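# Fold and contact review
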Amino acid sequence: MYFCGPTVYQRIHIGNARPFILSMWLRRWLKLSGYQARLVVNVTDINDRIYDAARAQGIGSAELARRATQWYWEDTRALGLGRPDVEPLATETVPEIVTLIGGLKAKGLAYESGGDVYFRVARFPEYGRLSGARLEDMVAQEPGGRKEDARDFALWKANKPHEDTWWPSPWGRGRPGWHIECSAMAEKHLGPGFDIHGGGLDLRFPHHENEIAQSRGAGQQFARLWIHNGLLELRAEKMSKSVGNVVSLRTALTSWGREAILVFFLNAHYRSPIEFSDSAMEVARVQAADFRAATRVAEARPSAFTWDSFRAALDDDFDTPRALAILHDWRASGQLELLGRGLDVFGLGLDIDGVEAPPDLHQLAEARQAARQRRDFGEADRLRNELDRLGWEVQDVAGGGFRLIRKAR
Ligand SMILES: [Zn+2]
C-alpha cells in the first residue's frame, strides 16, 4: 500500500491525520485477516509551499522541512498506532525521480521547455479516467506559458532565484514536481505494481491522475485499487492549511487525547466527509471513556454480535461506523474478551490509562481465588472486602481468572 503523506512546512492539521490513521488501521486489519501487508507513507519535503513558508519565516527551506518532518513524526507517533513500514523522503529519491523523467522523455511522453520538463497529456489517452475530471479542470492546473498544451503538468522545475535548494539534472539544476515524487517513491519501495493507493479525496485530481499518467506511461502497472478518504470539514468548509481554519493534530491531542481522536474518526465511514467541532470531539471523548470503563460492567450477558459480525463490517469496505456500533454493544453487554480484541484493531483498549494493580493486591486477589476454589466463601468475601477497602474491585472472568479494576473515586 502506498498512501500520500504530508507536505512538511508546519504542524499537520487534524484533517491530515485521517489518511495516516486509515492506513495504519487498514494495515493492521489486513494482517489480522492473513494478508502480508507493507505500507509506504511518503513525506513531501520538496514543494513550493515549503519554499514560501521558509522565506516568510526567514529560514532555509531544508531546515524548515527537516523541523516539520520531526513534528509530523512526533504528532503521528502520539496517536499510538505504530509506524508505516517505510517513510521515504522526496529529498532521498531525487536520482530515481530523474531516471523516471528521463524514461518518459525518451518515450515522447515528456518534453523539455526552458529548463522545465512537462508531461505531454495528449499522449496519454487514459488521462482523467480515475477522477472523471473535465477539460476545464485540467486547464486550470498549473497555468504557465512554457507548455505545449494547457493540460500538461511539470515533472521537473528549473531553479528559480528565490529557491534555496536544487539538484542537478540533464535539464539543468532544479527540483522535481510534486506528482513525480510519489510515482518514484512508490516504485522504489513497492515495485512497478502494487495493490492499494490511498490519500485524501482532494488528491484524486490532479495529483493521483498525474501519478497514474507518469507511472503507467513509464510502462508500470502501478496501483490496482484506489482508496480516497473524505475530507475533514469545519463549519462545512473543507479544512486545508491554505484556508486557515486550522486545528493542528498537536492541538487536538493536547485538548482531547489520542483515544478521542481515534473514536472520532471511527464514527464516520472513511469515504464520507467528517465534521470537526468541539461538540463532536466531546462526544468522542465520552465514548472513549466509556470503553475504558467497560471493565466496570458488573456481569456479562449475551450479545447478538459475534466476532464474525465485526469482521463482516470491516470486510465490507472497512465500515467502521458499523464496527463501532458492535463495540458499543459488546461494551454494554460486558463482552470484554470480544471488546478488547475489537478495540485493539483500532489502537484502543481496556484499562488504557495503564493503571495496574500493585503486586500485593494481586496476592490478595489470588488468595481470594484459592479460597473460592476450596469453597471457603467466607474467606473469599473477606478478601473481596479487603480489596474494596483499598479501592479495587475484583471481577471474575471466563476461564477461572480475575481482573482488578480501580474503583471510580
Ligand atoms: Zn502522492
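Okay, so let's go over this structure. (Residues numbered from 1 in each chain as written. Predicted model: local features only at pLDDT ≥ 70, side-chain atom pairs only at ≥ 80, totals over all residues. Heavy atoms only, no water.)

Time to look at the overall build of the protein chain. Regarding its fold elements, the protein chain presents 15 helices and 13 strands. Look at the contacts in the protein chain between residues 6 or more apart in sequence, and 73% of them connect residues 24 or more apart. Split by element, the accessible area of the protein chain, about 18500 Å² in all, is 49% carbon and sulfur. Here the protein chain contributes 54 positive and 55 negative side-chain charges, whose respective centroids are spaced 1 Å apart. (Helix = DSSP H or I, 4+ residues; strand = E, 2+ residues; numbered from the N terminus. Contact = heavy atoms within 4.5 Å. Areas by Shrake-Rupley, 256 points an atom, 1.4 Å probe, with all protein chains shown as cover. Lys, Arg positive; Asp, Glu negative; His and termini not counted. Charge placed at Lys NZ, Arg CZ, Asp CG, Glu CD.)

Core analysis: the biggest nonpolar cluster contains 71 residues, and Ile261, Phe265, Phe310 and Phe346 have the highest contact counts within it. With nine residues, the single largest contributor to this core is helix H1 (residues 17-32). Counting residues in hydrophobic clusters, the runner-up holds 40 residues, among them Cys4, Tyr51, Val117 and Leu190. (Core = buried A, V, L, I, M, F, W, Y, C linked by side-chain atoms within 4.5 Å. Buried < 20%, exposed > 50% of the residue type's maximum accessible area, 1.4 Å probe, protein only.)

Turning to the sheet that holds strand E4 (residues 116-119), a few remarks are in order. A sheet is described by the order of its strands in space; here four strands give the open sequence E3-E4-E5-E6, paired in antiparallel fashion. Edge positions in the sheet fall to strand E3 (110-113) and strand E6 (174-176), since each of these pairs with one other strand and no more. Taken pair by pair, the neighbouring strands of this sheet meet at an average axis angle of 20 degrees, ignoring direction. Bridge count between E3 and E4: four bridges; the pairing is antiparallel. What sits directly across from Glu112, in E4, is Val117. Across the sheet, helix H4 (residues 94-106) lies against E3, E4, strand E5 (153-158) and E6, angled at about 120 degrees from E5, the strand it touches most. (Pairing = 2+ DSSP bridges. Axes fitted to C-alpha atoms, helices over the stretch in contact; angles between N-to-C directions.)

A few words now on the pattern of salt bridges. Under the counting rule described, the total for this entry stands at 27 salt bridges. Asp75 is the partner of Arg11 in a salt bridge, and the nearest nitrogen-oxygen pair spans 2.8 Å. Taken together, the residues Arg11 in the loop between strand E1 (2-3) and H1 and Asp75 in helix H3 (residues 61-77) connect sequence positions 64 residues apart. Exposure remark for Arg11: the relative accessible area of 26% places this residue in the partly exposed category. Residue classification places Asp75 among the buried positions, given a relative accessible area of 0%. Put simply, Arg55 and Asp52 hold a salt bridge, and the shortest N to O gap is 3.3 Å. Residue Arg55 and its partner Asp52 are both found in helix H2 (residues 48-57); the two are separated by three residues, about one turn of the helix. Overall, the relative accessible area of 40% leaves Asp52 in the partly exposed class. Ionic contacts of the salt-bridge type, sharing partners, join the residues Arg11, Glu74, Asp75 and Arg250 into one network. (Salt bridge = Lys/Arg side-chain N within 4 Å of Asp/Glu carboxyl O.)

Right, let's get into the pairing of E5. Strand residues, when the strand is regular, have side chains that alternate between the two faces of the sheet. Counted residue by residue, E5 has six buried out of six residues, so it is predominantly covered. Where E4 lies against E5, three bridges are found, and the strand directions are antiparallel. Of the residues in E5, the one forming a bridge with Val117 is Trp156. Here three bridges tie E5 to E6, and the two strands are oriented antiparallel to one another. What sits directly across from Trp156, in E6, is Pro176.

Let us look at the coordination of the zinc ion. Distances from the zinc ion to its protein donors, namely Cys4 (SG), Cys182 (SG), His207 (NE2) and Glu211 (OE), fall within the range 2.0 to 2.6 Å. Each of the four donor atoms bound to the zinc ion contributes to angles spanning 72 to 129 degrees, and the resulting shape is irregular. Donor residues for the zinc ion, ordered by position in the chain, follow C-x177-C-x24-H-x3-E. You can see Cys182 sitting in helix H6 (residues 178-190) and its partner His207 sitting in helix H7 (residues 204-217), a full 25 residues away along the chain. Both residues of the pair, Cys182 and His207, count as buried. (Donors = N, O, S within 2.8 Å, 3.2 Å for Na, K, Ca; no water. Tetrahedral: all angles 85-135°; square planar, octahedral: opposite > 155°, others 65-115°.)

With an omega of 0 degrees, the peptide bond between Phe205 and Pro206 qualifies as cis. Mapped onto the elements of the fold, Pro206 is located in helix H7. Residues other than glycine seldom take positive phi values, yet Arg375 does so here, at roughly 60 degrees. Inspection of the secondary structure assignment puts Arg375 in the loop between helix H14 (359-373) and helix H15 (377-389). Exposure remark for Arg375: the relative accessible area of 63% places this residue in the exposed category.

This brings us to the sheet that holds strand E2 (residues 40-41). One open sheet accounts for four strands, arranged E2-E1-E7-E8; its pairing is parallel. What marks the edges here is a single partner per strand, and that holds for E2 and strand E8 (222-229). Sheet strands in contact with H7 are strand E7 (193-200) and E8, and its direction is about 175 degrees off that of E8.

Our focus in this paragraph is the packing of helix H11 (residues 307-315) against helix H13 (residues 336-345). With their axes 11 Å apart at the nearest point, H11 and H13 run at an angle of 20 degrees to one another. Taken as axis vectors, H11 and H13 run roughly parallel relative to one another. In this structure, H11 crosses over H13, and the sense of that crossing is right-handed. Residues Trp307, Phe310 and Leu314 of H11 pack against Leu338, Arg341, Gly342 and Val345 of H13. Grouping the amino acids of the contact of H11 with H13 by side-chain chemistry returns five nonpolar, one polar and one charged. (Parallel < 35°, antiparallel > 145°, perpendicular 65-115°, else oblique. Left-handed = near helix turned anticlockwise from the far one by under 90°. Nonpolar A, V, L, I, M, F, W, Y, C, P; charged D, E, K, R; others polar.)

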